[in-house]
Structure formats: structure tokens, C-alpha cells
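Architecture at a glance
Here is what each chain is made of, one letter per residue.
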Amino acid sequence: MLIAREFKKEDKIKLLDMINEINNFDSNFEGLTNISKIINYDKFLEKLEKNKHQEFIKPEYSPQTTFGVFDKERLIGGFNLRHTIKGDLINHGGNIGYLIRPSERKKGYGNLMLGLALKKARELKIDKVLISCREDNIGSAKIIENNGGIYENNYYDEQLNKTYKRYWIYLD
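Presented here is an overview of the structure given in this document.

Thresholds, definitions, all that
- Note on numbering: residues in each chain are counted from 1, in written sequence order.
- Totals for whole chains, interfaces and linings use all residues, but because this is a predicted model, local features are given only for residues with pLDDT of at least 70 and pairs of side-chain atoms are given and counted only at 80 or more.
- Excluded from the side-chain calculation are hydrogens and water; included are all heavy atoms of the structure.
- Two strands pair under a simple rule: DSSP has to find at least two bridges between them.
- Helix numbers and strand numbers start at the N terminus; a helix is a DSSP run of H or I with at least 4 residues, a strand a run of E with at least 2.
- To obtain an axis, a line is fitted to C-alpha atoms, over the contacting stretch when the element is a helix, and the angle between two such axes runs from 0 to 180 degrees between their N-to-C directions.
- Pairs of residues are marked as contacts when any of their non-hydrogen atoms sit within 4.5 Å.
- Salt bridges are identified by distance alone: a Lys or Arg side-chain nitrogen within 4 Å of an Asp or Glu carboxyl oxygen.
- Working definition: with a 1.4 Å probe on protein chains only, accessible area under 20% of the residue-type maximum means buried, over 50% means exposed, and in between means partly exposed.

Moving on, we come to the sheet that holds strand β6 (residues 150–157). Strand order in this open sheet of three strands is β5-β7-β6, and the pairing throughout is antiparallel. Unpaired on one side and paired on the other, β5 (128–134) and β6 mark the two borders of the sheet. Strand-to-strand twist in this sheet, taken as the mean axis angle between neighbours without regard to direction, amounts to 25°. Bridging between β6 and strand β7 (residues 162–170) involves seven bridges; their strand directions are antiparallel. Bridge assignment links isoleucine 150 to a residue of β7, and that residue is tryptophan 168. The sheet strands contacting helix α4 (residues 138–146) are β5 and β7, and the helix crosses β7 at an angle near 15°.

As a further point, take the pattern of salt bridges. Following the criterion strictly, the structure yields 13 salt bridges and no others. Lysine 52 is the partner of glutamate 6 in a salt bridge, and the nearest nitrogen-oxygen pair spans 3.0 Å. With glutamate 6 in strand β1 (residues 2–6) and lysine 52 in the loop between α2 (41–50) and β2 (64–71), this pair connects stretches of sequence that are 46 residues apart. Overall, lysine 52 belongs to the buried group, its relative accessible area being 18%. Residue glutamate 104 pairs with lysine 107 through a salt bridge whose shortest N-O separation is 3.2 Å. Salt bridges linked by common partners bring Asp17, Glu21, Arg74, Arg101, Glu104 and Lys107 together as one network.

Shown next as C-alpha cells:
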């Protein structure tokens, strides 16, 4: 059984272990980039708390809550839930970005994790979410579609030289 919750002080070793695994695998933190460069864990937790409130972040940024996803106290991955969408997030990124540690990929956790993210979005009274994935990320596209994602269009980002598929999920 997976649980999604905000990170706590006692999660430091688990999070650093996952970061190390990702760095040894491919260094790709797409979907959860805010965990890739932790220097001071206490300051990291403070930043996560500030990121939830618009008054503590840049006006062009979207407030977001970051969740770790745990199975029997092991950190499987995590997700960012952006409360609103601003700037480039409307083209790619959207309301939810998620990441699964490399050793736990292709085990069905993606569907469960996105389901948990959608549950948290409902708790925040978000009525629809935008989710995107790289056009070549077939696994992520299937996860989004399995969770009710309705394909809208593709968006080509010239700066990143990548094409993203954009989906909406309507929450009742």
C-alpha cells in the first residue's frame, strides 16, 4: 500500500538514498526537479513549506506542495502538485510532476502514484489538472490516460528541443 505525504525530518536518509540512485542511473529528475540539489536538508524542508504559499515565492511561480510516496517506509518516488498553473507550466509541466526511482519503475507504481496525486488535488479543491509528458515517454502517457487523461495537443519547446503531450484530467 502506497501513502503520499509531505517530507519530514526523519525522511532525510530515504530521500538522499533515492537521489543517489537516480544520479547513478541517469541524473534525470524530470517531474520532481526540486529534490535534485539538496545541500542542507533542513533548508530544503523550509523551502518546501514556503513553496506552498504564493506570498513566499516569486509572482511568476506557481505554489506547489511536494509529496513523497512511500511503500512500507521505503521511498518509491514523489510528486509536485502545483495549486495553480503559471508561465511555461501551461505548455509543459502542468499541475502535477511525478518521479519514480529507477529500481521501482515498470512495477505499476506510476498509476498508483498519479492516483494519489489526483486525490491530493481534489483535497485542494482543484477541479481539473493539466499533466504533460515527453512525446517519447510512452509509459507516462499510458499512466496519464489510465487515470482519465484526455489528450489535448502536443507542444514543442524550442529551448529544450523537446515535444510534450498535454492532457487534462477533470476531477469530480
